[in-house]
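Coordinate inspection notes
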Amino acid sequence: MLAIVLGVFGLGFFCWLLFTLAIYALPFLAGLTAGLAAFDSGGGVVGALIVGFLAGCATLALGQIGFATTRTPLIRAIIGLLYAVPATVAGYQVSFALAGIGMSTGGWQTAFAVVGAVLSGVTAFSRMTLFVPPSDGQGTEGAHSPFFLRRGVQRR
């Protein structure tokens, strides 16, 4: 009985960890690539760790700043997708592995993996939107909405 309860809590912890770390998939990939390139070029282990850490931090910071400062919804969507797609791939792999613990390989395992992938991608995209500052109320509220959905506009 204790093993079942601990298994459920362990699975819940891994799911929480997956959704919490979803936004860091692209910076981790960039840091890993830069670190491996530095190690391959003779930078040593310490140099590769430093280069990888700096590249990952720069990727995360530049993405957050770019997402928060741009006003164009298309550019925000592109930046958000740059962070959401690697998180979706990582979410699929982790969900597939976690589903494989409780069931045999088949359609249900793939279905749970797809649901986990979609949820982790949406989580990464929504965490990027947390960095957008709130509207300052300077009259730009209805700038991108159709005429008939704007508040305070009367038809003549």
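Keep in mind that what you see is a predicted model, and the values were worked out from it rather than measured.

**Overview of helix H2 (residues 25-40)**
With 16 residues, H2 should cover 22 Å at 1.5 Å per step; its first-to-last C-alpha distance of 22 Å lies within 8% of that length. Every buried residue of H2 is listed here: Ala-25, Leu-26, Pro-27, Gly-31, Gly-35 and Ala-38. Buried residues along H2 sit in contact with helix H3 (44-69) and helix H4 (73-102). One or two positions beyond H2, positive phi appears at Gly-42, with a value near 100°.

**Concerning the packing of H2 against H4**
At a closest axis distance of 7 Å, the pairing of H2 and H4 adopts a crossing angle of 85°. The angle between H2 and H4 falls in the class roughly perpendicular. In this structure, H2 uses Ala-25, Leu-26 and Pro-27 to contact H4, whose residues at the interface are Leu-82, Tyr-83, Pro-86 and Ala-87.

**Remarks on the nonpolar core**
Judged by nonpolar contacts, Ile-23, Leu-26, Leu-60, Phe-67, Ile-79, Tyr-83 and Met-128 together constitute the single largest core of seven residues. If you list the elements that add at least two residues to this core, you get H3 and H4. Discounting chain neighbours no more than four positions away, the residues touching Phe-67 are Arg-76, Ile-79, Gly-80, Met-128, Thr-129 and Val-132.

**Concerning the confidence of the model for the protein**
When pLDDT is averaged along the protein, the result is 81, and 85% of the positions lie at 70 or above. Long-range and interchain partners of residues 145-149, a stretch whose pLDDT sits below 50, account for five contacts in this model, where long-range means more than four residues apart.

**A few points about the packing of aromatic side chains**
Any aromatic ring pair is given by two values, namely how distant the centres are and how the planes are angled relative to each other. The final tally for this structure, using the stated rule, is four aromatic pairs. When the centroid spacing of 5.9 Å and the interplanar angle of 20° are considered together, the rings of Tyr-92 and Phe-96 count as stacked. Placement of the pair is Tyr-92 and Phe-96 together in helix H4, with a separation of four residues, close to one helical turn. Residue classification places Tyr-92 among the partly exposed residues on the basis of a relative accessible area of 27%. Of the residues examined, Phe-96 reaches a relative accessible area of 27% and is grouped as partly exposed. Between the NZ or CZ atom of Arg-76 and the centre of the ring of Phe-67, over which it lies, the distance is 5.9 Å.

**Considerations on a nonpolar patch on the surface**
A surface patch of nonpolar side chains, about 440 Å² in accessible area, is lined by Val-46, Ile-50, Phe-53 and Leu-54. Assignment of secondary structure puts Ile-50 in helix H3.

The rules behind each value
Residues numbered from 1 in each chain as written. Predicted model: local features only at pLDDT ≥ 70, side-chain atom pairs only at ≥ 80, totals over all residues. Heavy atoms only, no water. Helix = DSSP H or I, 4+ residues; strand = E, 2+ residues; numbered from the N terminus. Expected span 1.5 Å × (residues − 1). Buried < 20%, exposed > 50% of the residue type's maximum accessible area, 1.4 Å probe, protein only. Contact = heavy atoms within 4.5 Å. Axes fitted to C-alpha atoms, helices over the stretch in contact; angles between N-to-C directions. Parallel < 35°, antiparallel > 145°, perpendicular 65-115°, else oblique. Core = buried A, V, L, I, M, F, W, Y, C linked by side-chain atoms within 4.5 Å. pLDDT = per-residue confidence, 0-100. Phe/Tyr/Trp six-rings, centres within 6.5 Å; stacked < 30°, edge-to-face > 60°. Lys NZ or Arg CZ within 6 Å of the ring centre and 35° of its normal. Patch = residues over 30% accessible without salt bridge, like charges linked within 9 Å, V, L, I, M, F, W, Y side chains within 5 Å. Areas by Shrake-Rupley, 256 points an atom, 1.4 Å probe, with all protein chains shown as cover. Salt bridge = Lys/Arg side-chain N within 4 Å of Asp/Glu carboxyl O.

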